[in-house]
Amino acid sequence: KRCEMKFIKKGAAISAASHSAAQGYESNYRMHFKLCCPWSRCCGMGDFRPRTVWLGHPEKREQRYPRNVINNQKYNFFTFLPAVLFNQFKYFFNLYFLLLACSQFVQELRLGALYTYWVPLGLVLIITIMREAVEEIRCYLRDKEVNSQIYSKLSTRGTVKVKSSGIQVGDLIIVEKVWVSLFPFGISGSSCRVFSPAGSCFLRTDQLDGETDWKLRLPVACTQRLPTAADLLQIRSYVYAEEPNIDIHNFIGTFTREDGDPPVNESLSIENTLWASTVVASGTVVGVVIYTGKELRSVMNTSNPRHKVGLFDLEVNCLTKILFGALVVVSLVMVALQHFAGRWYLQIFRFLLLFSHIVPISLRVNLDMGKMVFSWMIKKDSKIPGTVVRASTIPEQLGRISYLLTDKTGTLTQNEMVFRRLHLGTVAYGMDSMDEVQSHVFSAYTQPTHDLPASRAPAATKVRKTISSRVHEAVKAIALVHNVTPVYEANGVTDQAEAEQHYEDTCRVYQASSPDEVSLVQWTESVGLTLVGRDQSSMQLRTPTGQILNFTILQIFPFTYESKRMGIIVRDESTGEITFYMKGADVVMAGIVQYNDWLEEECGNMAREGLRVLVVSKKSLTEEQYQDFEARYVQAKLSVHDRSLKVATVIESLEMEMELLCLTGVEDQLQTDVRPTLEILRNAGIKVWMLTGDKLETATCTAKNAHLITRNQDIHIFRPVTTRGEAHLELNAFRRKHDCALVISGDSLEVCLKYYEYEFMELACQCPAVVCCRCTPTQKAQIVRLLQERTGKLTCAVGDGGNDVSMIQEADCGVGVEGKEGKQASLAADFSVTQFKHLGRLLMVHGRNSYKRSAALSQFVIHRSLCISTMQAVFSSVFYFASVPLYQGFLIIGYSTIYTMFPVFSLVLDKDVKSEVAMLYPELYKDLLKGRPLSFKTFLIWVLISIYQGSIIMYGALLLFESEFVHIVAISFTSLILTELLMVALTIQTWHWLMIVGELLSLACYVASLVFLHEFIDVYFIATVSFLWKVTVITLVSCLPLYILKYLRRRFSPPNYSKLTS
């Protein structure tokens, strides 16, 4: 799994270094990726050059290649502790608390016991170090497992075992069918042989390019004639390969055998390779290693996505800076009131230490623990099964999404294709008339007169036979022009070999790189023409009468996103006729087929029905024409420079004046509950944009069908523009329309963003819905980035394929849907769901709750710190601005831990409405978009509450204490604890049994600890009635007015959610 090889014999090349599978991609996107050595990040990727690789002779290398090892660890044994501490203290506030703790070693600055400052800081550091250590150990074990994978290597001593870390460029490696597990990195053997035609194998590439269907890989032809694999070591041959690059869809190389007579040269392409992060699904592979280590395609495609910091965290950070400013101001005021007497600069430091609780050290720990709880709740929600949280640091982001950008195919739709329409120009066949197509196909193979000249039949018969012939030609073309392979498996009654020999229908499944192709082949089977066999050089079709038609595959031109078409040249073995079949998108096929007056109109009509349209054509070739083409084609494929361009030029020489046979319409059905989910999002104030690579008409139809665009909304279809002037005119036309949905193509979008980026984004953001079709992955990410920059709002991107990864990583929240296109998007996302409909509950319930709970938790932690800081300020002011601590030792530590931690943290379980109500009234979500739960207004309110309560408690204790100072500590501290517990109780809206446990447990801990706190509190005094009534009065005065104000507010100005719960 950890190297990349060229397919030499009986299989494809190997991927012996699995920086791969699901965990591999997780590692790509979530971990700091390093190779070869811990310092390789500094070394850079180096200069890549083409290479000549001799088969089985790694010692003949012309240059030095990287070791085939992976090191995902961030630290080593010596750098672990220094690096972890550096990463913690490079942030200002962590460094601030460290300096505070260190200052206690200076006698003039010491305010109490050392542990009062070092224990809280130590707890935070220990938790961080333990978390990093666990991650590092897991990473080390994963790396060790991957680097220790055992493979079979061909050598002069026979077959030997070698670890993947010992594989070198030039080694010949044998790999049989394997399956890559998801967690951890690893492979396990399988004895189930699925399909292995002579000299070929199947490949799974879902963890590399996101496609789940199997790919056929072919060997170098001349090696297939060798008696055994060991003979590869006896021949003098080498592979010339291009320099390492990031392109996973192309490869340029040549294979040369020098000891042949004459020497053999063969071109190598992507069909002869097997990259790392792919899996041999069937067959056996003998391959030569071409790339290793950091030169792997999967490694070179690894990008470090931007580290996502939640908007909520930035807001809390801003509030913390305000608190720090307040700390400095209060300290300066205290010294100023002393008239800067004596060593006033030392007094400033002492006051900074004394009021350091204004900036709560426990705030970050509480919020991080809260996020872990929110993530756990999402994963355990039975109504959205299979949901995975991969970024546990931003769950509250889900509660403030303003723009949702979604893919179409596989996200809004099922990516399960159903054949719906066959159009021949003069006649069209829908689902209700497929029996007519079946009868035409049947008659074509049963009536001996179907090949008779038309002149020997009556006129009426001539028309019928013409239609029948056209239908037959169309069906045969669809059955031939594809890259589908029938695979036979044992079904419990018939074993695999027998099923393959007799073409058992019940044992046959189709494998292809596109579900569109599978649906077309399944349809031809339903009308009587069945694909029963295929290998790299031939194809077998079975007619309705059971006759087997044999076709030799002369050439295949696979589909690419650039060409938007695929072709095949076959020879009918029964007649010797050579035919070139081609199918593709109408935009490219319109210039290839012969002139007609119906293609453009019918393609538009079918696209408006939501069908994906393909144009099918053919061209008959003579033997001389084909031989001339083959000579030019082989010569072009042997080129090392500009090979793609030369090959495309040769193929285009055939693509002229082709006969138009038919149009096919395939429907991609909507996913379950897409319409109600989009309606929920719309009612929640979230604007939905659909970004797809599909054509304009299909995208528009799907948007209407999914109710992304409502029935009463106008649609402005942005006219294709290529120049600045055209874009200016079209934008002016669009500006005159109001409240209409926008549909624009990727080409027009690029022109608008180039010349009128600000104007276009301003107009587009006003639209209720936007559909961008023919979008590239780069454009998708660009749109997300522009929305963030121009609006300042939070974005969420949803997709299911590898082409959605860039968009998902760019968005503030990325959601991957596990679908037909593999798990690449799912693994790159922050959140993974199994269906689009789960997005509604993820945002409306979990996103909303996470944000509101985080806001309440942060405000309470700040309130808790400000209360005790206010009391300290009052105490110092009364006692002539002395820098003397009010509480010392365990009191100050216990206050923010065992005495108040459980009730305050239990706020992560609070909720204002039930989840059913939140789903029923998505308008509640709209209230959060303004950020009111945590704003400067709410922050100021909590600051005033803290100052009021701290002042009441301290002044009350000073007024009511009798003789000894220790009584002030007992009265004020007990009142402070009770006030915090009551404030939590007054804030809670929906009680949970754990909240009650937290309240009672904290109170019990405080009462029980009084026995051990005789150093700070008079235990005899607290047992008196005088103590009890004084504490009760102070607590009531601090809490009762706030409760009355809260009651009056809910009575006369209730929030929206309270109207639904009453």
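Looking at an unreviewed UniProt entry, one finds the chain named Phospholipid-transporting ATPase, with Lates calcarifer as its source organism. Reading the Sequence similarities (unreviewed entry) entry of the UniProt record for the chain gives the comment "Belongs to the cation transport ATPase (P-type) (TC 3.A.3) family. Type IV subfamily." The record in UniProt for the chain states the following under Cofactor (unreviewed entry): "Mg(2+)".

Novice: Would you mind going over the overall build of the chain with me for this structure?
Specialist: Helices and strands together make up the secondary structure of the chain, namely 36 helices and 37 strands. The buried share of the chain, taken over its 1062 residues, is 55%. Taking as baseline every contact in the chain between residues at least 6 positions apart, the subset at least 24 positions apart corresponds to 74%.

Novice: Where do I start with the packing of helix H8 (residues 311–337) against helix H10 (residues 362–380) in this structure?
Specialist: To describe two helices that pack against each other, one gives the angle between their axes and the distance between the axes. In the contact formed by H8 and H10, the axes pass within 12 Å of each other and the chain directions differ by 165°. Comparing the axis directions of H8 and H10 gives the class roughly antiparallel. Remark: the crossing between H8 and H10 carries right-handed chirality. Taken together, the residues of H10 that come into contact with H8 (itself represented by Phe312, Asp313, Val316 and Thr320) are Leu363, Arg364, Leu367 and Lys371. Residue classes in the contact of H8 with H10 are distributed as four nonpolar, one polar and three charged.

Novice: Please explain the sheet that holds strand E19 (residues 401–406) as it appears in this structure.
Specialist: Note: strands within a sheet are paired through backbone hydrogen bonds, in either parallel or antiparallel orientation. Pairing is mixed across the open sheet formed by nine strands, whose spatial order is E18-E37-E36-E35-E19-E31-E34-E33-E32. One side of each edge strand has no neighbouring strand; the edge strands of this open sheet are strand E18 (388–389) and strand E32 (714–717). As defined by bridge partners, E19 adjoins strand E35 (residues 794–799) across five bridges and the pair is classed as parallel. Across the sheet, threonine 406 pairs through a bridge with valine 798, a residue of E35. Packing against the sheet, helix H20 (residues 696–705) makes contact with strand E31 (687–691), E32, strand E33 (740–745) and strand E34 (769–773), and its axis sits at approximately 150° to E34. Against the sheet, helix H22 (residues 746–755) contacts E33 and E34, and its axis sits at roughly 100° relative to E33.

Novice: What is the right way to look at the pattern of salt bridges in this model?
Specialist: In total, this model carries 28 salt bridges according to the counting rule given. For aspartate 804, the salt bridge is made with lysine 780, and the minimal N-O distance between the two is 2.8 Å. Placement of the pair is aspartate 804 in the loop between E35 and helix H25 (805–810) and lysine 780 in helix H24 (residues 777–791), with a sequence separation of 24 residues. The exposure class of aspartate 804 is buried, given its relative accessible area of 0%. Each of Asp313, Arg364, Asp368, Lys371 and Glu396 takes part in one network of salt bridges that share partners.

Novice: Help me out: how do you make sense of the pairing of strand E28 (residues 578–584) in this one?
Specialist: Regular strands show a simple pattern: their side chains alternate between the two faces of the sheet. For E28, a buried count of seven out of seven residues is recorded, marking the element as mostly surrounded by other parts of the structure. Bridging between strand E27 (residues 565–572) and E28 involves seven bridges; their strand directions are antiparallel. Across the sheet, methionine 566 pairs through a bridge with lysine 583, a residue of E28. Linking E27 to E28, which pair antiparallel, is a turn of five residues; within it glycine 576 sits at a positive phi near 80°. Inspection of the sheet shows E28 paired to strand E29 (residues 611–621) by seven bridges, in the antiparallel sense. Each bridged residue has a counterpart across the sheet, and for methionine 582 the counterpart in E29 is serine 617.

Novice: Can you walk me through the sheet that holds strand E21 (residues 428–429) in this structure?
Specialist: The antiparallel open sheet is built from nine strands, whose spatial order is E21-E20-E30-E29-E28-E27-E26-E25-E24. What marks the edges here is a single partner per strand, and that holds for E21 and strand E24 (530–534).

Novice: Can you walk me through a positive patch on the surface in this structure?
Specialist: Residues Lys930, Arg932, Lys937, Lys1046, Arg1049 and Arg1050 make up a contiguous surface patch of positive charge. Broken down by element, the residue count for the positive patch peaks at three residues, all from helix H35 (residues 1025–1052). Mapped onto the secondary structure, lysine 937 falls in helix H32 (residues 936–960).

Novice: What is the right way to read the packing of aromatic side chains from this model?
Specialist: Where two aromatic rings form a pair, the distance of their centres and the angle of their planes describe that pair. Overall, the coordinates contain 26 aromatic pairs when judged by the stated rule. Between phenylalanine 557 and phenylalanine 580, the aromatic rings sit 5.8 Å apart at their centres with planes inclined by 90°, giving edge-to-face as the arrangement. With phenylalanine 557 in strand E26 (residues 548–557) and phenylalanine 580 in strand E28, this residue pair connects regions lying 23 residues apart in the sequence. Summarising the burial analysis for this pair, phenylalanine 557 and phenylalanine 580 share the class buried. Where phenylalanine 557 meets phenylalanine 629, the ring centres are 5.9 Å apart and the plane angle is 90°; that geometry is what we call edge-to-face.

Novice: I tried to follow a nonpolar patch on the surface on my own but got confused; where do I start?
Specialist: The grouping of Leu1036, Leu1040, Tyr1043, Ile1044, Leu1045, Tyr1047, Leu1048 and Phe1052 at the surface amounts to a nonpolar patch, some 850 Å² of accessible area in total. Overall, the relative accessible area of 42% leaves tyrosine 1043 in the partly exposed class.

Novice: Would you explain helix H27 (residues 838–878) in this entry?
Specialist: An α-helical segment advances 3.6 residues per turn. Residues three or four places apart therefore align on the same side. For H27, which comprises 41 residues, the first-to-last C-alpha distance of 59 Å matches the rise-based estimate of 60 Å (1.5 Å per residue) to within 8%. Approximately 30° is the largest bend angle found in H27, and it occurs at glycine 847.

Novice: I would appreciate a short explanation of the pairing of E35 in the present structure.
Specialist: For E35, the tally of buried residues reaches six of six residues, placing the bulk of the element in the interior. Sheet topology note: the E35/strand E36 (residues 813–817) ladder contains four bridges and is parallel. Bridging across to E36, alanine 797 finds its partner in glycine 814. Remark: the E35/H25/E36 crossover connection has right-handed handedness.

Novice: Whenever I open this one, the environment of isoleucine 467 confuses me. Can you help?
Specialist: With respect to the element layout, isoleucine 467 can be found in helix H12 (residues 459–480). A C-alpha to C-alpha distance of 8.8 Å links isoleucine 467 and valine 427, two positions 40 residues apart in sequence. Leave out the neighbours within four places in its chain, and isoleucine 467 touches Tyr429 and His440.

Novice: How should the side chain of arginine 390 be read in this particular structure?
Specialist: Mapped onto the elements of the fold, arginine 390 is located in the loop between E18 and E19. Its relative accessible area of 16% is what places arginine 390 among the buried residues. Within polar-contact distance, the side chain of arginine 390 engages the backbone oxygen of serine 826 at 2.9 Å.

Novice: Hey, could you run me through the packing of helix H3 (residues 80–89) against helix H5 (residues 115–147) in this one?
Specialist: At a minimum axis separation of 11 Å, H3 and H5 run at an interaxial angle of 125°. As far as their axial angle goes, H5 and H3 are oblique. For the pair H3 and H5, the crossing hand works out as right-handed. Counted together, Phe80, Leu81, Val84, Leu85, Gln88 and Phe89 of H3 and Leu121, Leu125, Thr128, Ile129, Glu132 and Ala133 of H5 form the full contact between these two elements. Tallied by class, residues from the contact of H3 with H5 come to nine nonpolar, two polar and one charged.

Novice: I'm lost on unusual backbone geometry in this one. Help?
Specialist: For residues that are not glycine, phi is negative in most cases, and the peptide bond is trans in most cases. Positive phi outside glycine occurs at histidine 339, with the angle close to 60°. With respect to the helices, strands and loops of the structure, histidine 339 is situated in the loop between H8 and helix H9 (344–354). One non-glycine residue, glutamate 657, lies in positive phi territory at about 50°. Position of glutamate 657 among the secondary structure elements: in the loop between helix H18 (643–652) and strand E30 (659–670).

Novice: In this structure, what is going on with the side chain of serine 906? I would like to understand it.
Specialist: When you line up the elements, serine 906 lands in the loop between helix H29 (901–905) and helix H30 (915–920). Using a relative accessible area of 6% as the deciding quantity, one classes serine 906 as buried. A polar contact is formed between the side chain of serine 906 and the backbone oxygen of proline 903, at a distance of 2.5 Å. When neighbours within four sequence positions are excluded, serine 906 is seen to be in contact with Val984 and Met995.

Novice: I would appreciate a short explanation of the environment of valine 373 in the present structure.
Specialist: Among the structural elements, valine 373 can be located in helix H10. Considered as a pair, valine 373 and serine 392 are 19 residues apart in the sequence and their alpha carbons are 9.2 Å apart. Beyond its immediate chain neighbours, meaning those up to four positions away, valine 373 contacts Phe905 and Val908.

Cut-offs and rules
- Residues numbered from 1 in each chain as written.
- Predicted model: local features only at pLDDT ≥ 70, side-chain atom pairs only at ≥ 80, totals over all residues.
- Heavy atoms only, no water.
- UniProt positions renumbered as here; feature names shortened; annotations may be inferred.
- Helix = DSSP H or I, 4+ residues; strand = E, 2+ residues; numbered from the N terminus.
- Buried < 20%, exposed > 50% of the residue type's maximum accessible area, 1.4 Å probe, protein only.
- Contact = heavy atoms within 4.5 Å.
- Axes fitted to C-alpha atoms, helices over the stretch in contact; angles between N-to-C directions.
- Parallel < 35°, antiparallel > 145°, perpendicular 65-115°, else oblique.
- Left-handed = near helix turned anticlockwise from the far one by under 90°.
- Nonpolar A, V, L, I, M, F, W, Y, C, P; charged D, E, K, R; others polar.
- Pairing = 2+ DSSP bridges.
- Salt bridge = Lys/Arg side-chain N within 4 Å of Asp/Glu carboxyl O.
- Patch = residues over 30% accessible without salt bridge, like charges linked within 9 Å, V, L, I, M, F, W, Y side chains within 5 Å.
- Areas by Shrake-Rupley, 256 points an atom, 1.4 Å probe, with all protein chains shown as cover.
- Lys, Arg positive; Asp, Glu negative; His and termini not counted.
- Charge placed at Lys NZ, Arg CZ, Asp CG, Glu CD.
- Phe/Tyr/Trp six-rings, centres within 6.5 Å; stacked < 30°, edge-to-face > 60°.
- Expected span 1.5 Å × (residues − 1).
- Bend = angle between axes of the 7 residues up to and from the residue.
- Right-handed = clockwise from strand over helix to strand, strands pointing away.
- Polar contact = N/O pair within 3.5 Å; in protein donor to acceptor, adjacent residues only side chain to side chain.

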